[in-house]
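Observations on the three-dimensional arrangement
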Amino acid sequence: MKSLQSEAIEGGELVAMKPLPWYPDNLAWHSNFSRMQIRKNQTLERFHEFLKLENEIGNITRQEAVSMVPPLFLDVHPDHFVLDMCAAPGSKTFQLLEIIHQSSKPGSLPDGMVIANDLDVQRCNLLIHQTKRMCTANLIVTNHEAQHFPGCRLNKNCSRGPQMMNELEPSISQLLFDRVLCDVPCSGDGTLRKAPDIWRKWNTGMGNGIHILQVQIAMRGLSLLKVGGRMVYSTCSMNPVENEAVVAEILRRCGGSVELVDVSGELPQLLRRPGLRKWKVRDRGVWLASYKDVPKFRRSAIVASMFPSGRSYVDTADRIQKCENGGTVHPENESQPAENPRTSTDDLEEEVSDLPLEHCIRMVPHDQNTGAFFIAVLHKLSPLPATQDKSINAQENQSTGNDELLENKHVIENTKLDSVDGTDEMILEAASEADLVDDELDGATLEPKPSEAAQEPADNKTDLAKSVGKRKLQIQGKWRGVDPVVFFKDETIINSIKTFYGIDEAFPFSGHLVTRNNETNHVKRIYYISKSVKDVLELNFKVGQQLKITSIGLKMFERQSSREGTSAPCLFRISSEGLPVILPYVRKQILFAAPLDFKHLLQYKAVKFADFVDAEFGQKAANLMLGCCIIVLRDGNKTVSDPIQVDGSTIAIGCWKGRGSLSVMVTAIDCQELLERLATRMESEDATPTPKNNVEPEQAEDVNGIEKDTTPATDN
Ligand SMILES: C[S@@+](CC[C@H](N)C(=O)[O-])C[C@H]1O[C@@H](n2cnc3c(N)ncnc32)[C@H](O)[C@@H]1O
């Protein structure tokens, strides 16, 4: 930080990095360096590399500052069910998950969950990559048009008597959410500062063209919100047609069942401006102050809800027609639409909304050196009026069909528009640097391939050829291109895993394991899901798999595919993502390495048993069972009698115990990051007096890894 500061001063800046004053607990920081400064200066470049690495690992997230605001206004609690309707590439989903996991202890999972949805399957893959860093079992990623997001409502008439109900009915009967984030596709003009392309591409038609979709998505969000729940509507645009006009229209449609919340007391340090109550609409070079100014031939594109009053002015011929785009019709305000609209705003009679739109939040670049953002916080007071619910339910029925076939040109065009969201560039950059984009897009399971040759000795070719054939048979789920999610119930395999790793009985296995393959023998990956995700999945089965799930839970176990792997007593290894969750419960195949041996493992990727500095550790490693094992970093400053607990700072990696050596099963990038963390720890340990004892502790750690139980260790 000090050297960064001196670079900043040299460069004429005053502060190198500073916490964003409005972000709780100093958890978000702002750096002012330009790309040019970074390129020119070695210290800054190293700092930039560090940020990219930490972002890739998941320790930090690089994000446009204002884009972090919507989840803060959502007021999420760890037990909330949250729907992120337009979620890709997932920076806000990540924040939501962080909040959900905030207070959970290692090995315990929160009661809440997040469903992150996006229309664009490739952007869903980015989201999956982005959120994988979170190692969460509390996430489902879906791929629907948000405006048609399924309601998964259990038909109450299909009950089978009280007894059956208790046994078979899922614990929830409808998919309703405590919180909904509606970060809709928009024209993106709020990102002009860093996306200069928009200056060239932007036109007024962009906002006008997406208004109806934004209203539809917001209405769907409100219908899926529990009474008492909160929804945040946001865009990275400053265009009132995409913002206040949408909020006003949904308030009108909801007729008192939803209120716009005054959040002026929340995040007091955040500079903001009130929402607008009057604005004009521009169409084809012409200013329009009210719907009555819209020429008849433009009335399918420019709808009444774009104007502050939301009033339709219909002529007699139109009167009996319902406004096809959903604008509200008020016959008492009828008049003939003008056929000679004006090109200047001077003589227009301004409409003013009678709704409290000043409660909306506008953040502009020049207030606090950020991008621009619009936010509205909505509170559902009571069920939506029957008419709204009916039309929404009609959509729901539609959504149980093949959504992906109902291609909507409008939406797709706007999806492209939307990719200007500030975070994409960074995530794409991170993803491509990790060489994971292709992997993520590979195959119907949307799963990356193991990224390290060191994961286990490879003999995968025949396996791969076989699996290609099988894959053809396998894709038989309801949703084209996505393998169905099924509960994994093979007791033989589950018991072999439990026995091999000595998994404590307190770890809930039953009903928490899922796969993408109905045939147990072909299952390659087993995912772990939280209780909340399990509840949703059970409901989804009951309602005929309405959810098109592209990713679910946490990859916990992977089948060994190498020759050596298949001869190991347990066919499944623990995956890196799953390790933090299961670690506190692992009692066998676990060893504690001194920092130097741990470092050698990360450095050389494979170390012969005889080559470990701590010979006793080498012997214990040699005595483990063939297959996957866990190596935990032992803190050099700890004495053997110190109690051992797994906490947030515990460092552990998955390794392969082969016939003559230990090999790490960690990606290169993780190794790099761990080495850096280790170096920092070793430095700070060197600075404090080290106890004499620097050999393996006398825990109940079993030498052969089978007979005696061990206690998981930590380094502190
Ligand atoms: C503003 S971006 C979302 C950014 C995201 N919330 C984040 O913070 O990373 C809007 C997203 O909406 C998606 N999208 C566009 N039309 C959609 C629709 N009809 N339903 C769901 N998602 C849609 C786009 O693919 C895009 O990923």
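Residues numbered from 1 in each chain as written. Predicted model: local features only at pLDDT ≥ 70, side-chain atom pairs only at ≥ 80, totals over all residues. Heavy atoms only, no water.

Ordered by their spatial adjacency, 5 strands build an open sheet running 20-22-23-24-21, and the pairing between neighbours is mixed. Both outer strands of the open sheet, strand 20 (590–593) and strand 21 (606–608), are each paired with one neighbouring strand and no more. When strand polarity is set aside, the average angle formed by the axes of neighbouring strands in this sheet is 30 degrees. Bridging between strand 23 (residues 652–657) and strand 24 (residues 661–664) involves 3 bridges; their strand directions are antiparallel. Within the sheet, the bridge partner assigned to Trp656 lies in strand 24 and is Ser663. On top of the sheet, helix 23 (residues 615–623) reaches strand 20, strand 22 (627–633), strand 23 and strand 24; it is set at about 165 degrees to strand 20, its chief contact. (Pairing = 2+ DSSP bridges. Helix = DSSP H or I, 4+ residues; strand = E, 2+ residues; numbered from the N terminus. Axes fitted to C-alpha atoms, helices over the stretch in contact; angles between N-to-C directions. Contact = heavy atoms within 4.5 Å.)

The next point concerns the pairing of strand 18 (residues 554–559). Among the 6 residues of strand 18, 5 are classified as buried, and the element is accordingly described as predominantly covered. With 4 bridges connecting them, strand 16 (residues 525–528) and strand 18 associate as antiparallel partners. Bridge assignment links Ile526 to a residue of strand 18, and that residue is Phe557. Looking at chain direction, strand 18 and strand 19 (residues 572–574) are connected through 3 bridges and run antiparallel. By the bridge assignment, Arg559 is partnered in strand 19 with Phe572. (Buried < 20%, exposed > 50% of the residue type's maximum accessible area, 1.4 Å probe, protein only.)

Right, let's get into unusual backbone geometry. Among all residues except glycine, the phi angle is most often negative; among peptide bonds, the trans geometry is most common. Put simply, Ala88 and Pro89 share a cis peptide bond, and its omega is 5 degrees. In this structure, Pro89 sits in the loop between strand 3 (81–84) and helix 5 (91–101). In this structure, Cys152 takes a positive phi of about 45 degrees despite not being glycine. Assignment of secondary structure puts Cys152 in the loop between strand 5 (139–142) and helix 7 (161–168). Phi at Asn369 is positive, roughly 55 degrees, even though this residue is not glycine.

Next up on the list: helix 22 (residues 595–604). Residues of helix 22 that are buried include every one of Pro595, Asp597, Phe598, His600, Leu601 and Leu602, and no others. Backbone geometry just downstream of helix 22 places Lys605 in the positive-phi region, at approximately 70 degrees.

Viewed as axis vectors pointing N to C, helix 5 and helix 6 (residues 121–132) meet at an angle of 35 degrees, and their least axial separation amounts to 9 Å. The crossing of helix 5 and helix 6 is right-handed. Residues Ser91, Thr93, Phe94 and Leu97 of helix 5 form the contact with helix 6, whose participating residues are Leu127, Gln130 and Thr131. Class assignment for the residues of the contact of helix 5 with helix 6 results in 3 nonpolar, 4 polar and no charged. (Left-handed = near helix turned anticlockwise from the far one by under 90°. Nonpolar A, V, L, I, M, F, W, Y, C, P; charged D, E, K, R; others polar.)

Residues Ile115, Leu175, Leu222, Tyr233, Val247, Leu378 and Ile552 are the most contacted members of the largest nonpolar core, which totals 72 residues. Not counting the four nearest positions on each side in its chain, Tyr233 is found in contact with Cys182, Val184, Gln214, Ala218, Glu242, Asn243, Val246, Val247, Phe374, Ile375, Ala376 and Leu378. Counting residues in each nonpolar core, the second largest holds 41 residues, with Leu127, Cys186, Val261 and Leu267 among its members. (Core = buried A, V, L, I, M, F, W, Y, C linked by side-chain atoms within 4.5 Å.)

As for its placement among the helices and strands, Ser532 is situated in helix 19 (residues 531–542). We classify Ser532 as buried; its relative accessible area is 2%. With residues up to four places along the chain from it excluded, the contact list for Ser532 reads Phe81, Pro110, Asp111, Gly112, Met113 and Asn138.

Let us now look at the confidence of the model for the chain. Scored by pLDDT, the chain has a mean of 79; 72% of the residues are at 70 or more. Note that residues 159–167 has pLDDT below 50 and, in this model, 5 contacts with residues that lie over four places away or in other chains. (pLDDT = per-residue confidence, 0-100.)

This part is about the packing of helix 9 (residues 204–223) against helix 10 (residues 244–254). For the pair helix 9 and helix 10, interaxial distance at closest approach is 9 Å and the crossing angle is 45 degrees. In this view, helix 9 runs oblique relative to helix 10, as classed from their interaxial angle. Classified by chirality, the crossing of helix 10 by helix 9 is right-handed. Only Ala245, Val246, Glu249, Ile250, Arg253 and Cys254 of helix 10 make contact with helix 9, whose side of the interface consists of His211, Gln214, Val215, Ala218, Met219 and Leu222. Counted by class, the contact of helix 9 with helix 10 contains 8 nonpolar, 2 polar and 2 charged residues. (Parallel < 35°, antiparallel > 145°, perpendicular 65-115°, else oblique.)

Moving on, we get to the pattern of salt bridges. Using the criterion set out here, one finds 24 salt bridges in the structure. The shortest N-O distance in the salt bridge between Arg179 and Asp75 comes to 3.5 Å. You can see Arg179 sitting in strand 6 (residues 177–183) and its partner Asp75 sitting in the loop between helix 4 (69–73) and strand 3, a full 104 residues away along the chain. Overall, the relative accessible area of 8% leaves Arg179 in the buried class. The salt bridge partner of Lys531 is Asp535, with a shortest N-O separation of 2.8 Å. (Salt bridge = Lys/Arg side-chain N within 4 Å of Asp/Glu carboxyl O.)

Let us now look at the sheet that holds strand 19. Reading across the sheet, the 5 strands line up as 14-15-16-18-19 and stay open at both edges, with antiparallel pairing between neighbours. Each having just a single partner strand, strand 14 (486–487) and strand 19 make up the two edges of the open sheet. On the sheet, helix 18 (residues 491–501) packs against strand 15 (513–515), strand 16, strand 18 and strand 19 and is oriented at approximately 50 degrees with respect to strand 19.

Our next topic: the pairing of strand 23. Of all 6 residues in strand 23, 5 are buried; the element is thus mostly enclosed. Relative to strand 23, strand 22 runs antiparallel, the two sharing 6 bridges. Its bridge partner lying in strand 23, Cys629 is registered against Cys655. What sits between strand 23 and strand 24 in their antiparallel hairpin is a turn of 3 residues.

Residues annotated in UniProt with the feature "binding site: S-adenosyl-L-methionine" (unreviewed entry) correspond here to Cys86, Ala87, Ala88, Pro89, Gly90, Ser91, Lys92, Asp118 and Asp183. Across 98 residues of sequence, these annotated residues stay compact in space, with a maximum C-alpha separation of 12.8 Å. Mapping Ala87 onto the fold places it in the loop between strand 3 and helix 5. Under the relative-accessibility criterion, Ala87 is labelled buried at 6%. In this structure, Ala87 is in contact with Thr93, Ala116, Asn117, Asp118 and Leu127, ignoring residues within four places of it in sequence. Residue placement: Gly90 occurs in the loop between strand 3 and helix 5. Once residues within four sequence positions are removed from consideration, Gly90 is found in contact with Leu127, Gln130 and Thr131. (UniProt positions renumbered as here; feature names shortened; annotations may be inferred.)

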